[in-house]
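Analysis of the macromolecular model
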Amino acid sequence: MERFSRTEKLLGPEKLEKLKNSKVVLFGAGAVGSFAAEALVRSGVGNITIVDFDTICISNINRQLFALQSTIGKPKTEVALKRLSDINPACNIIQENRFADAGSIPEILSDKPDVVIDAIDSVGPKTELLAYSYLNEIPVLSSMGAARRSDPLAVKVGDLFDTVTCPLARLVRKSLKRRGITQGIKCVYSTEFPAHPVKQKLVNEESGGEGRPVKFLGSLPTVTGVFGLVLASEAIKILTE
C-alpha cells in the first residue's frame, strides 16, 4: 500500500494532494512542536520548515519526540530533519537553527506559508510571531501553556482572547493588545488550573555550592502531546479547506 493510503481513504485524493502541496512553518520543536511536526509529516504534508535554536538535553526526554539518549546535545532542528525525513523521504524539510525574533521572523515567513504553527514558550518571541502573522494575513495556530497540567481532556481550541485559566495566554493577550490586536488568533489551551511550579536550587558552577533557586515547570507527554496533535489537526483542517 502507498505510504499515505490510509489518509487518502479518510480524506480523499484531492485533500491528500492539497496536503502534499502545502507548506507549514513550525516555530518550536520541543514538547508541543515535536508532536505537531511529526503528525503533519505522517499526515502527508509535503513541505515543512522547523524553526528552533535550542539543543536537546536529558530533561527533554520525558516529553519531546526528538529527545532520545542518542540525540542529547544535538540541535533540535537537526534531529527533526533526520527523524521526519525517515518518516517521509519525499517531504521537503527545511531546518532553521535560529532564534525567532523581529529580525528573523519576516525573513523566515517571506514566502507566506499556508499555515504557521506557534509552539514557542517565551512571551516576547511568541508575541512577535503572532503579531507578524496576524498583520500579514498568514493563518496562524498558537499553543498556550501545556506545562503544569495533567488532564489531557481539558485541552480546548478557541480564540486567544476568549481563553481562561492560562497565565501564558494572559501575558500574550496583554502584549498583543498593545499592538492593537484584540481578536482573531486561534489557539490550543487548557482549562485546567496549572499546578504551582517547583523551586529547586541549582549548583553554582564556580563555587560548587548551591546556586539561586530556579522554578521548574513540571509536564507530562500525555498533555503536551495532545496540544501538538490538536495543533496539527487544526492545521490539516485549514490546509484541506
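Details of the structure are given in the entry above.
Let me begin by describing the structure that accompanies this report. Quick caveat: nothing in here was measured; it's all calculated off a predicted structure.

Rules and cut-offs
- Residues numbered from 1 in each chain as written.
- Predicted model: local features only at pLDDT ≥ 70, side-chain atom pairs only at ≥ 80, totals over all residues.
- Heavy atoms only, no water.
- Helix = DSSP H or I, 4+ residues; strand = E, 2+ residues; numbered from the N terminus.
- Contact = heavy atoms within 4.5 Å.
- Patch = residues over 30% accessible without salt bridge, like charges linked within 9 Å, V, L, I, M, F, W, Y side chains within 5 Å.
- Areas by Shrake-Rupley, 256 points an atom, 1.4 Å probe, with all protein chains shown as cover.
- Salt bridge = Lys/Arg side-chain N within 4 Å of Asp/Glu carboxyl O.
- Buried < 20%, exposed > 50% of the residue type's maximum accessible area, 1.4 Å probe, protein only.
- Axes fitted to C-alpha atoms, helices over the stretch in contact; angles between N-to-C directions.
- Parallel < 35°, antiparallel > 145°, perpendicular 65-115°, else oblique.
- Left-handed = near helix turned anticlockwise from the far one by under 90°.
- Nonpolar A, V, L, I, M, F, W, Y, C, P; charged D, E, K, R; others polar.

1. Remarks on the environment of Val-51
Along the polypeptide, Val-51 turns up in strand 2 (residues 47–51). A sequence separation of 46 residues divides Val-51 from Ser-5, and the C-alpha atoms of the two residues are 29 Å apart. Setting aside residues no more than four positions away along its own chain, Val-51 makes contact with Val-25, Leu-26, Phe-27, Gly-28, Ala-29, Thr-77, Glu-96, Arg-98 and Ile-108.

2. Digging into a nonpolar patch on the surface
Residues Ile-58, Ile-61 and Ile-72 make up a contiguous nonpolar surface patch of about 250 Å² in total accessible area. Take Ile-72: it is sitting in the loop between strand 2 and helix 4 (76–87). For Ile-72, a relative accessible area of 32% corresponds to the partly exposed category.

3. Section: the packing of helix 3 (residues 33–43) against helix 8 (residues 221–239)
At their nearest, the axes of helix 3 and helix 8 sit 7 Å apart, and the two run at 40° to each other. By the angle between their axes, helix 3 is oblique relative to helix 8. The hand of the helix 3/helix 8 crossing is right-handed. On the side of helix 3, the interface is formed by Phe-35, Ala-36, Ala-39, Leu-40 and Ser-43, while helix 8 contributes Gly-225, Gly-228, Leu-229, Leu-231, Ala-232, Ala-235 and Ile-236. Counted by class, the contact of helix 3 with helix 8 contains nine nonpolar, three polar and no charged residues.

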